Every structure is written in structure tokens, then in C-alpha cells.
Amino acid sequence: MRAPTFARSLRVISLTLLLGWFAMACNQADAIRQEALDRSTPVTFTTDDGVTLAGRIFGPDDATAGVGLAHMLPADQSSWHDFAQRLGSMGYRALTFDFRGYCPGEDAGCSEGKRAISKIWQDVLAAKDYLTSKGVTRVAFVGASMGGTASLVAAAQIPTEVEAIVTLSAPISIEGLTAGPEVVQASGAAKLFMAGDGDATAAEAASTFYDQSLQPKRLEILTTSDHGTDLLTGNQGEIARTTILTWLGQYLPVSEPAAG
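Residues numbered from 1 in each chain as written. Predicted model: local features only at pLDDT ≥ 70, side-chain atom pairs only at ≥ 80, totals over all residues. Heavy atoms only, no water.

Q: How would you explain the overall build of the chain if you had to name every residue and give the values?
A: A count of helices and strands for the chain gives 7 helices and 10 strands. A separation of at least 24 residues holds for 71% of the contacts in the chain among residues at least 6 apart in sequence. Accessible area of the chain: about 12100 Å², with a carbon and sulfur share of 55%. (Helix = DSSP H or I, 4+ residues; strand = E, 2+ residues; numbered from the N terminus. Contact = heavy atoms within 4.5 Å. Areas by Shrake-Rupley, 256 points an atom, 1.4 Å probe, with all protein chains shown as cover.)

Q: Give me the lowdown on the pairing of strand E10 (residues 217–222), citing residues and values where you can.
A: Relative to E10, strand E9 (residues 190–196) runs parallel, the two sharing 6 bridges. Bridged to Gly196 within E10 is Leu222. Regarding the hand of the β-α-β motif, the stretch spanning E9, helix H6 (residues 200–212) and E10 is right-handed. (Pairing = 2+ DSSP bridges. Right-handed = clockwise from strand over helix to strand, strands pointing away.)

Q: Just give me the short version of the side chain of Ser111, but keep the residues and values in it.
A: Structurally, the position occupied by Ser111 is in the loop between strand E4 (93–97) and helix H3 (120–133). In terms of polar contacts, Ser111 uses its side chain to reach the backbone amide nitrogen of Ala54, at 2.9 Å. (Polar contact = N/O pair within 3.5 Å; in protein donor to acceptor, adjacent residues only side chain to side chain.)

Q: Break down the environment of Thr223 for me, with residues and values.
A: Tracing the chain through its elements places Thr223 in the loop between E10 and helix H7 (237–251). Overall, the relative accessible area of 53% leaves Thr223 in the exposed class. As for Thr223 and Ala195, which are separated by 28 residues in sequence, their C-alpha atoms are 8.9 Å apart. Apart from residues no more than four positions distant in its own chain, Thr223 is found in contact with Asp197, Asn235 and Gln236. (Buried < 20%, exposed > 50% of the residue type's maximum accessible area, 1.4 Å probe, protein only.)

Okay, structure coming up:
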């Protein structure tokens, strides 16, 4: 039996509205992404072991607070561009970059070398050195998944030089890159560990990192299955973004705290 014409019309209208909303959302996302690219500059810098990395720098040239943003697997630096633009608009100098061996091309850049997760902590340190070479005096690392683990390992090499660390769904160990208790406790940085409760392995790792860390520290388990930078755009995205920005605002304020 054929459905009444009125019912069919409602379904067509609903589908049309849904497609229109989806197209509008895509256009808004594209506009945000283009704005991020327009307000940033492509850069390159070299690691201590001689690998040239591609990145993009966001924010004011005279900023003294800088944030290095390390991507997850299998993403690239473009997964951070929107958030980096938001940091830049707040007055931070934010640096996204492709880990060694990641070459997405075009606006996402092309880093040299072979992929080697066990070595990417060196890429995080190179990002920090690039920021400081541009006048940044206080630094935070924010890393997604393997980028979070790399950020912890990198900070352990320079225990007094990183103000804050944020990890999103970071594993304890991945392909030779490991952040055990001695690594987590080496840095005095204020640490925020974030994961989704539906991402069980990541949530367990975040809890372990929290238990092993010294104060100041915070554990944030969100009601979602999103992983890494997807936490910033999923159903808990606004909470995730606000939590990170609040943490940075507390431990890496845009303006240098007054002496005395």
C-alpha cells in the first residue's frame, strides 16, 4: 500500500532540511579552517638528529607564551589547525607540526625522514626550540594520542622548562615510545590528562598517568568514545576545549605574571 502523499512530502522536506543543515555545517567548518590557514604561516625547523619538520605558526609575533601541538596517529598537523587558531586569537603563539615521515602535502605540510614513533619526542623538543627561538619564554605541550605520550617523554628531558602539559587519549606505550612513572614524574609541569569513558584503554591510561603524577594535576574523563583531537569536535567538544583553555590560562597565562 502506497504511503499517503502528505507523509511522503514530509519525508522529502525533512531530508531536504537535513541535507541543507549538513551543507551549512560543512561550509562553516571550511570557513573556520580557511580562516585558520589565512592567519597562520608555514614554517620549517630541524630536530637535533637532523630531520626537517614542517609546521604552521599561529598567534601574535610578540607572544611570550607558546604552545606546541602534537598530532595523533594517523592524523597530521591539520587536525590541530582550528584549535591553534583559537589559541592564537587568545594571544598564544601556537605551533602545529607534522611528525617525521608525515607528508600530507599542501596546507598540511610535508616533514622529512622516516616514520619512527619511538623518536617523535625529539620532534616535540624541536618544536619547543623553534618557539623559544621566536621569543617565546614560557611553553606548554598539548598532544593527542601518541602526541601526548611524546609530549610527556619530551618534557622529561627538560624538566624545568615546560609550564603545562595536556594529553588527549595518550597511551602509556606505543611502538617503543613509553611514558612510565619515572617519565611522568620527571617534569614539574602542571598536567591535565583527558580521555573518553568509551575509549577504555585511553581512559585507563589517563587514570594511570594521573595516579603517577605529582601535583598540580587533573584527570578529565568525558562521556564519549572520541579519541585524541576528535575529543575537541565531538559531542563533548565544548567541554574539552574549555577545560584545556582553562588549564592553560591557569598555568600558562598569556601575560607573564608580575614579579613579586
